Amino acid sequence: MTHQDPHSHSADAVADHTPIEAQYVRQGRGGVRILWLLIVSAGTAAVLLLGMWLLSNGGFQSVNPDAGGRPADTAAYDGAAPPLPPA
C-alpha cells in the first residue's frame, strides 16, 4: 500500500476539472498529537473548574451557618403528613 499525497491528488483533479472527493480536501487531521492535545486541554479544564469550585465553596457555606438547625425551623415537619384526598 503506497501513501498518496492529498495535495497532489487534489491538484490533479482541479487541473482535469473533475470533482474532488471529500477525503482529499478535509482540513482536519487526526492522530496521536491531536489526541494528546484534547487530553491535556480537558484535564486542564477539569483542574481549573475543580479549583474554582473549591475556592468558591466556602462562600456558599457561610451564608447561613445554622440553616435548619433551630427547632422552630423543623417543627412544621415533625408531625405526620395529612392524608391524601381520594382520587
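Rules behind the numbers
- Residues numbered from 1 in each chain as written.
- Predicted model: local features only at pLDDT ≥ 70, side-chain atom pairs only at ≥ 80, totals over all residues.
- Heavy atoms only, no water.
- Helix = DSSP H or I, 4+ residues; strand = E, 2+ residues; numbered from the N terminus.
- Buried < 20%, exposed > 50% of the residue type's maximum accessible area, 1.4 Å probe, protein only.
- Areas by Shrake-Rupley, 256 points an atom, 1.4 Å probe, with all protein chains shown as cover.
- pLDDT = per-residue confidence, 0-100.
- Patch = residues over 30% accessible without salt bridge, like charges linked within 9 Å, V, L, I, M, F, W, Y side chains within 5 Å.
- Salt bridge = Lys/Arg side-chain N within 4 Å of Asp/Glu carboxyl O.

As for the overall build of the protein
Next, step 1: Helix and strand counts for the protein stand at 4 helices and 0 strands.
Next, step 2: Ordering the α and β elements of the protein from the N terminus gives α-α-α-α.
Next, step 3: Scored against the burial criterion, the 87 residues of the protein give a buried share of 5%.
Next, step 4: Total accessible area on the protein stands at roughly 8,200 Å², and carbon and sulfur atoms take up 66% of it.

Observations regarding the confidence of the model for the protein
Next, step 1: Overall, the prediction assigns the protein a mean pLDDT of 76, with 63% of residues at 70 or greater.
Next, step 2: In the model of the protein, helix H1 (residues 6–16) stands out as the element of lowest mean pLDDT, 67, in contrast to helix H3 (residues 32–61), which has the highest, 88.

What to know about a nonpolar patch on the surface
Next, step 1: A cluster of nonpolar side chains, contributed by Val32, Leu35, Trp36, Ile39 and Val40, occupies part of the molecular surface with about 520 Å² of accessible area.
Next, step 2: Tracing the backbone shows isoleucine 39 in helix H3.

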